[in-house]
Amino acid sequence: MARTVVERMGLRETIRRHQVDERGWALVDGTGRRLAGMPAGAFGGEGIVAEIEIARGDLARILLDATPGVDYRFGDRITALDDRTVTFASGGTERYDVVIGADGVHSGVRALAFGPRERFVRYLGGYTAYFTVGDPGDLDHWMLMYNAPGGRVAYLRPENGGTAKAGLSFRHPEPSHERLSRAGAERVVSERMAGAGWRVPELLAAMPGAADLYFDSINQVRVDRWWRGRTVLLGDAGYCGSPLAGLGTSMSLVGGYVLAGELTRAADPERAFAAYQAEMADYVESGLELPPGGMAMFAPMSRAGIRLRALSTRMMTRWPARQLAERQFSKAERITLRAYPALSAQVDQPVQHH
């Protein structure tokens, strides 16, 4: 469905020019030998088996360039919200017709308008770090993933321009590493991943020099009703399946399209919000489904569990197991995406936010 949205936005070819030539993902052992794999677009879906992969930064720049009439403010955040009146950390106060919280899993807008994060965010039992490293030169256009005993996972995936994205994840029973400093995050990741094998030592050595280190718990977000008054949630702030599901970008793009369309159809924002949730409900529910086994299968604790993961991955590409996987991965693609003719007339018009 995200492909349909970018086509209707007129951005498909721009995105294709920046796409990463990632041809699939493979599980490897400590020597780099491939144990199992899945080609890109294996089931016609999105996320980790997507037909099109693009770096997050490239996609953000494309969307920024495509919306020249929008007033973007970087380095600021909302600190108070009273119906339509918004107070910013920078000190300014402004009034808006609607407020859209699209600020991620740890949404400040959701906390202000809906309540504390504990009501909506479910910790899935692990942490992940990712950052940019130099391209090792032997990925052969594949994302390589390695499991180590103790619920530890490392991966490398190709990017454009001579770089690759590294990921280091580990199981942890409680969410006890929240809001760490950069030094604290590096220390925790280094301690938990020490001795894991494969290329982990070189990735740990590269981590301190990375300009874009990201470290966070692995969570799922569910909000029963996505709006309160004139405030509405979009993307991970309202519905996040977690990195395990791999559909966050797609759901955000589709959600933005549907929300914009419904706002053009309804004079009352709350009616538009209700229609937006009704239109998105089935698609979001499919995107919130975790892969079989969840964290336990993604990051097995034992060597036997690691072997089982490789076996199950191989089975997914074979009949009849492939039939079951195709039904799961293509469920969202079978949902019809409404066309909003009014949107095409507004493509080149500046967005008015007051």
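Scroll up a little and you will see the structure.
Residues numbered from 1 in each chain as written. Predicted model: local features only at pLDDT ≥ 70, side-chain atom pairs only at ≥ 80, totals over all residues. Heavy atoms only, no water.

Trainee: Can you help me understand the environment of V133 in this one?
Mentor: Considering the arrangement of structural elements, one finds V133 in strand β7 (residues 121-134). Between the C-alpha atoms of V133 and L156, which are 23 residues apart in sequence, the distance is 9.0 Å. Residues within four places of V133 in sequence aside, it is in contact with L156, T163, A164, A166 and A206. (Helix = DSSP H or I, 4+ residues; strand = E, 2+ residues; numbered from the N terminus. Contact = heavy atoms within 4.5 Å.)

Trainee: Would you explain the packing of aromatic side chains in this entry?
Mentor: Here a ring pair, both rings aromatic, is described through the centre-centre distance and the interplanar angle of the planes. Inspection of the entire model under this criterion finds nine aromatic pairs. Chaining the aromatic ring pairs together yields one cluster made of Y123, Y127, F170 and F215. The residue whose ring lies beneath R73 is F88, and the NZ or CZ to ring-centre distance is 5.4 Å. Sitting above the plane of the W227 ring, R225 keeps its charged end 4.5 Å from the centroid. (Phe/Tyr/Trp six-rings, centres within 6.5 Å; stacked < 30°, edge-to-face > 60°. Lys NZ or Arg CZ within 6 Å of the ring centre and 35° of its normal.)

Trainee: Help me understand the nonpolar core, please; the structure alone is not making it clear to me.
Mentor: Among the nonpolar cores identified, the biggest contains 39 residues, and Y239, V254, V258, Y276 and M280 are the most heavily contacted of them. Breaking this core down by element, the ones donating at least two residues are α1 (2-8), α3 (56-65), β13 (231-233), β14 (239-240), α7 (248-265) and α8 (269-287). Setting aside chain neighbours within four positions, we find Y239 in contact with V221, W226, L233, L234, M251, G255, Y276, M280, V284 and L288. In this structure, A26, F170, M193 and W198 belong to the second largest nonpolar core, which totals 31 residues. (Core = buried A, V, L, I, M, F, W, Y, C linked by side-chain atoms within 4.5 Å. Buried < 20%, exposed > 50% of the residue type's maximum accessible area, 1.4 Å probe, protein only.)

Trainee: Is there a simple way to think about the pairing of strand β4 (residues 85-88) in this case?
Mentor: Along any regular strand the residues' side chains alternate between the sheet's two faces. Only one face of β4 is buried: it carries V86 and F88, and the other face, with T85 and T87, is open. One ladder, built from four bridges, connects strand β3 (residues 78-82) with β4; its direction is antiparallel. Paired with L81 across the strands is V86, a residue of β4. Here β3 folds back onto β4 in antiparallel fashion, the turn holding two residues, of which D83 has a positive phi close to 55°. Judged from the three bridges that link them, β4 and strand β5 (residues 93-95) form a sheet pairing that is antiparallel. (Pairing = 2+ DSSP bridges.)

Trainee: Got a minute to help me understand the sheet that holds β5 in this structure?
Mentor: Strand pairs in the sheet, formed through backbone hydrogen bonds, run parallel or antiparallel to each other. The strand order β3-β4-β5 describes an open sheet built from three strands, whose pairing is antiparallel. Strands at the two margins of the open sheet, each flanked by one partner only, are β3 and β5. On average, adjacent strands in this sheet sit at an angle of 20° to one another, irrespective of strand direction. (Axes fitted to C-alpha atoms, helices over the stretch in contact; angles between N-to-C directions.)

Trainee: Any chance you could explain the sheet that holds strand β1 (residues 24-28) here in plain terms?
Mentor: Strand order in the open sheet made by the eight strands is β2-β1-β8-β9-β10-β7-β11-β14, with mixed pairing throughout. Looking at the sheet topology across the chains shown, the edges are occupied by β2 (34-39) and β14. In this sheet, β2 lies alongside β1 in antiparallel orientation, the contact comprising five bridges. Bridge pairing links W25 to M38 in β2. The strands touched by helix α10 (residues 303-316) are β1, β2 and β8 (143-148); relative to β2, the strand with the most contacts, the crossing angle is about 35°.

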